[in-house]
Amino acid sequence: METICAALEPQFPCREAAIRTLGELIGDSREAYPSAIYLFGHSGTGKTALTRAFLRECCRQQAVRIALLNATECYTTKIMLENMLDSLAPRRATEETFRADNMLEFVEQLRRWHDQGAKFQSFLIAVDNAERLRDMDANVLPVLLRLQQQTSLNLCVILLSQLPFEKFYNKTGLTEVISLHFAQYNKAETQRILSSYFFQVRAQLLKQFSKDAQRLAICEAALTEDFYSNYLNLFLSVFYKACRDVPELQLTARKCFSIYLEPVLDGTVESTDVSRLWRHIAGPLRSALTQIYMRIDKPPEEQEASAAIEDQSVRKLAQSLELPYYAKYLLIAAFLASHNSANQDKRLFVKHHGKQRKRMQTVNARAKVCTHLSAFR
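Analysis parameters
Residues numbered from 1 in each chain as written. Predicted model: local features only at pLDDT ≥ 70, side-chain atom pairs only at ≥ 80, totals over all residues. Heavy atoms only, no water. Helix = DSSP H or I, 4+ residues; strand = E, 2+ residues; numbered from the N terminus. Buried < 20%, exposed > 50% of the residue type's maximum accessible area, 1.4 Å probe, protein only. Areas by Shrake-Rupley, 256 points an atom, 1.4 Å probe, with all protein chains shown as cover. Salt bridge = Lys/Arg side-chain N within 4 Å of Asp/Glu carboxyl O. Patch = residues over 30% accessible without salt bridge, like charges linked within 9 Å, V, L, I, M, F, W, Y side chains within 5 Å. Phe/Tyr/Trp six-rings, centres within 6.5 Å; stacked < 30°, edge-to-face > 60°. Lys NZ or Arg CZ within 6 Å of the ring centre and 35° of its normal. Contact = heavy atoms within 4.5 Å. Polar contact = N/O pair within 3.5 Å; in protein donor to acceptor, adjacent residues only side chain to side chain. Expected span 1.5 Å × (residues − 1). Pairing = 2+ DSSP bridges. Axes fitted to C-alpha atoms, helices over the stretch in contact; angles between N-to-C directions.

Peer 1: It is not clear to me how the overall build of the chain should be interpreted in this structure. Could you clarify?
Peer 2: The helix and strand tally for the chain stands at 18 helices and five strands. Looking at the chain as a whole, 40% of its 377 residues qualify as buried. Surface accessibility of the chain: about 22,700 Å² in total, with carbon and sulfur atoms responsible for 52%.

What follows is the structure in structure tokens.
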């Protein structure tokens, strides 16, 4: 457990307590795992990244078989169960193809592994976006929570969601699980996390100015940890109330940092003059705040210039906005289907819609049209 925690704590600052808790629960494969662990919290709090890294360290340092799944991608019970079996299969059976149409076949396969000697091995299953399990078969979630009891394996199911576990209760009830809440980062913690990427940002900028000796020398002298910390303090004073998502803040902070550094590289402002640097960066930061979560690939300079012309900025924004993959096809399908009349939906989209009856009114109307066309000829 100590080696796993020591390896992960530098990667996930401000999550030392959560790492220690997971280490105490599932850090040692020689001890019995809890049957289920529930991790919940808002997006951008490190649930998925921390769990994946923790399970991979367990797999690397111990004899543990892991399965990392996303309930959004496993949109049917069969797909989810077969992916679990493929990931958890013993090494001697990795070339086999496992089938499981329902939870009964899934549990029976795990029991066979127990009889074949897998009882001496440990298994960890992590399911992200676990709230989607409520839309699957009614027995999926209860069986997963009791999977250790039903298979007699040293097995733990880790569920990750943004909802509290109370939202999962149904009429039949569920077994109690160990819940671990990932709270949102406060401002000081967010600044500490963003500051941990200082050396990456510095290396990227030095590589960018490698062909310009003058700017490279200024960048090496000015770009210190205190300088970057002052920038992050100004950056979070604008963005923290509007956005708590750390990956999004990290992306936006890197984009705006080049604007903050520009007057220092030009020699017009000293790197220690925080007030003038703030007057320089305040406008671009407020402009970037209106485009948070949009992931526009243009540099901040072009965004600031285009913001002067309102109509052109809106048009460019609409052209550069990228929809999710499945949303594109759903939008196209909805647009095409909107051209069909409502009374034709059953005939077009239902497999067994029956035969379409011909009405005499329709037959006479078509005959009248044909008669008029023949008269014109």
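Additional details are given in the paragraphs that follow.
Peer 1: I'm lost on the pattern of salt bridges in this one. Help?
Peer 2: In a structure, side chains of opposite charge can pair up when their charged atoms sit close to one another. If you walk through the whole model with that rule in mind, you get nine salt bridges. Glutamate 2 is paired through a salt bridge with arginine 20; the nearest N and O atoms lie 3.1 Å apart. Highlighted residues: glutamate 2 in helix H1 (residues 2-8) and arginine 20 in helix H2 (residues 16-26), separated in sequence by 18 residues. Residue classification places arginine 20 among the partly exposed positions, given a relative accessible area of 31%. Where arginine 111 meets glutamate 108, a salt bridge forms, and the shortest distance between an N and an O atom there is 3.1 Å. Highlighted residues: arginine 111 and glutamate 108, both in helix H5 (residues 103-115), separated by three residues, approximately one helical turn.

Peer 1: Whenever I open this one, a nonpolar patch on the surface confuses me. Can you help?
Peer 2: On the surface, Tyr325, Tyr326, Tyr329, Ile332, Phe335 and Leu336 cluster together into a nonpolar patch covering about 780 Å² of accessible area. Along the chain, phenylalanine 335 turns up in helix H16 (residues 325-337).

Peer 1: So what exactly am I meant to see when it comes to the packing of aromatic side chains here?
Peer 2: Centre distance and the angle of the planes are the two values used to describe a pair of aromatic rings. Following the criterion strictly, the structure yields 15 aromatic pairs and no others. For the pair phenylalanine 165 and phenylalanine 168, a centre-to-centre distance of 5.7 Å together with 15° between the ring planes defines the contact as stacked. Across the pair, phenylalanine 168 and phenylalanine 165 agree in class, each one buried. For the pair phenylalanine 257 and tyrosine 260, a centre-to-centre distance of 6.3 Å together with 25° between the ring planes defines the contact as stacked. Placement of the pair is phenylalanine 257 and tyrosine 260 together in helix H12 (residues 246-266), with a separation of three residues, close to one helical turn. Residue classification places phenylalanine 257 among the buried positions, given a relative accessible area of 2%. With a relative accessible area of 0%, tyrosine 260 lands in the buried category. In this structure an aromatic cluster arises from ring pairing among Phe198, Phe199, Phe227, Tyr228, Tyr231, Phe235, Phe239, Phe257 and Tyr260. In this arrangement the basic side chain of arginine 134 is found over the ring face of phenylalanine 168, its NZ or CZ atom lying 5.5 Å from the centre. Positioned above the aromatic ring of tyrosine 240, the side-chain terminus of arginine 244 is 4.1 Å from the ring centre.

Peer 1: I would appreciate a short explanation of the environment of tyrosine 38 in the present structure.
Peer 2: One can find tyrosine 38 in strand S1 (residues 36-40). Taking the C-alpha atoms as reference, tyrosine 38 lies 7.9 Å from serine 161; in sequence the two are 123 residues apart. The residues contacting tyrosine 38, other than those within four sequence positions of it, are Leu159, Ser161, Leu163, Pro164, Phe165, Phe168, Val177, Ile178, Ser179 and Leu180. Within the local environment of tyrosine 38, its side chain forms a polar contact with the side chain of serine 161, the two groups lying 3.4 Å apart.

Peer 1: So what exactly am I meant to see when it comes to helix H4 (residues 77-88) here?
Peer 2: Owing to its 3.6 residues per turn, the α-helix aligns residues three or four sequence positions apart on the same side. Compared with an ideal rise of 1.5 Å per residue, which puts 12 residues at 16 Å, H4 spans 17 Å between its outermost C-alpha atoms and is within 8% of the ideal. Three or more residues of H4 are buried, namely Thr77, Met80, Leu81, Glu82, Met84, Leu85 and Leu88.

Peer 1: Which parts of the structure should I look at to understand the sheet that holds strand S4 (residues 154-161)?
Peer 2: In a beta sheet, neighbouring strands pair by backbone hydrogen bonds and run either parallel or antiparallel. The strand order S2-S3-S4-S1-S5 describes an open sheet built from five strands, whose pairing is parallel. At either end of the open sheet lies a strand with only one pairing partner, and these are strand S2 (64-70) and strand S5 (178-181). The average angle at which neighbouring strand axes cross in this sheet is 15°, direction not considered. Taken together, the four bridges between S1 and S5 define a ladder with parallel strand orientation. Residue pairing for S5: tyrosine 38 is matched across the bridge by serine 179. Along the sheet, H4 makes contact with S2 and strand S3 (122-128), crossing S2 at roughly 150°.

Peer 1: Can you help me understand unusual backbone geometry in this one?
Peer 2: Leave glycine aside and you will find that most residues have negative phi; peptide bonds, for their part, are mostly trans. Despite not being glycine, cysteine 14 shows a phi value in the positive range, around 70°. Mapping cysteine 14 onto the fold places it in the loop between H1 and H2. Positive phi values are uncommon outside glycine, yet serine 152 reaches one of about 60°. For serine 152, the location among the structural elements is in the loop between helix H7 (147-151) and S4.

Peer 1: Explanation requested: the environment of isoleucine 4 in the structure shown.
Peer 2: In this structure, isoleucine 4 sits in helix H1. The spatial distance from the C-alpha of isoleucine 4 to the C-alpha of arginine 60 is 9.7 Å, given a sequence separation of 56 residues. Sequence-distant contacts of isoleucine 4, defined by excluding residues within four places in its chain, comprise Gly27, Phe54, Glu57, Cys58, Gln61 and Gln62.

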